[in-house]
Amino acid sequence: MIISFALILIGGYFSHITSILYVMVVLKRLYFVLDNNFLSKIPDGIENLIKLERISITKNRISEINAESFKNLKNLKHLGLDSNRISKIEKAAFVNNTQLEELRLYDNDLTSFNTDILPDNIKLRTLDLQMNNINKVDSFLRKLVGDAKIFPQKSVTALSLNVDKNQKLKWS
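Residues numbered from 1 in each chain as written. Predicted model: local features only at pLDDT ≥ 70, side-chain atom pairs only at ≥ 80, totals over all residues. Heavy atoms only, no water.

The next thing to look at is the side chain of N97. Here N97 shows up in the loop between β6 (88-89) and β7 (102-104). Assessed through its relative accessible area of 0%, N97 is described here as buried. Once residues within four sequence positions are removed from consideration, N97 is found in contact with F70, L73, L76, P119 and I122. (Helix = DSSP H or I, 4+ residues; strand = E, 2+ residues; numbered from the N terminus. Buried < 20%, exposed > 50% of the residue type's maximum accessible area, 1.4 Å probe, protein only. Contact = heavy atoms within 4.5 Å.)

Here the focus is the environment of L105. On the secondary structure map, L105 appears in the loop between β7 and β8 (126-128). Expressed as a C-alpha distance, the spacing of L105 and Q130, which sit 25 residues apart in the sequence, is 7.5 Å. Not counting residues up to four positions away in its chain, the partners in contact with L105 are L81, D82, I86, I89, L110, F113, D128, L129, Q130 and N132.

Moving on to the pattern of salt bridges. Within the structure shown, the criterion is met by 6 salt bridges. K41 is paired through a salt bridge with D44; the nearest N and O atoms lie 2.9 Å apart. Accessibility expressed as a relative area gives 40% for D44, which makes it partly exposed. R104 is the partner of D128 in a salt bridge, and the nearest nitrogen-oxygen pair spans 3.6 Å. Pair noted here: D128 is in strand β8 and R104 is in strand β7, with a separation of 24 residues, a long-range link. (Salt bridge = Lys/Arg side-chain N within 4 Å of Asp/Glu carboxyl O.)

The subject of this paragraph is the nonpolar core. Formed by 38 residues in total, the largest nonpolar core has its most connected members in I55, I65, I89, F94 and F113. Residues in contact with F113, not counting those within four places in the same chain, are I89, L105, L118, L127, L129, I134, D138 and L141. (Core = buried A, V, L, I, M, F, W, Y, C linked by side-chain atoms within 4.5 Å.)

A word on the packing of aromatic side chains. A complete count under the given rule lists 1 aromatic pair for this structure. Aromatic pair F70 and F94: ring centres 5.8 Å apart, planes at 20°, arrangement stacked. Placement of F70 in the loop between β4 (64-65) and β5 (78-80) and of F94 in the loop between β6 and β7 is noted, with a sequence separation of 24 residues between them. Of the residues examined, F70 reaches a relative accessible area of 0% and is grouped as buried. F94 sits in the buried class, given a relative accessible area of 0%. (Phe/Tyr/Trp six-rings, centres within 6.5 Å; stacked < 30°, edge-to-face > 60°.)

These figures capture arrangement, not role.
See below:
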């Protein structure tokens, strides 16, 4: 028998949830939703929920993702961090998340995105970086996700729209 559990804390006034996390460690399949709260960082202890498959921590006040936040979550498939204030993601932040299929960083304050935060053998299907302040996109990232999940950005002052040799519009 598989015991599934979904913890959904939406629209509350939570700023700390650490004690709840320790109860969840023994469950077989976990879904975690902490949308519309006042979290300023990834909750301590979330890295110990090794069975966690889906996390949504959107519309909070998170400004940084450190390398420890998701390090033990090898089963993580979907991670939503939309509409926070994320401006920094430490190197190798998601390097152990080899099962990750969806990473949503829409509407944050990122100025760059380096692919060295991802595992080499990533199975990513969706990487949404729209509505940040990214002004330079490397060719590997463009190949991985395409322009549709990178643009538009909040500020496009350093980007230009050009016509390529096939008469198609391209961002550069």
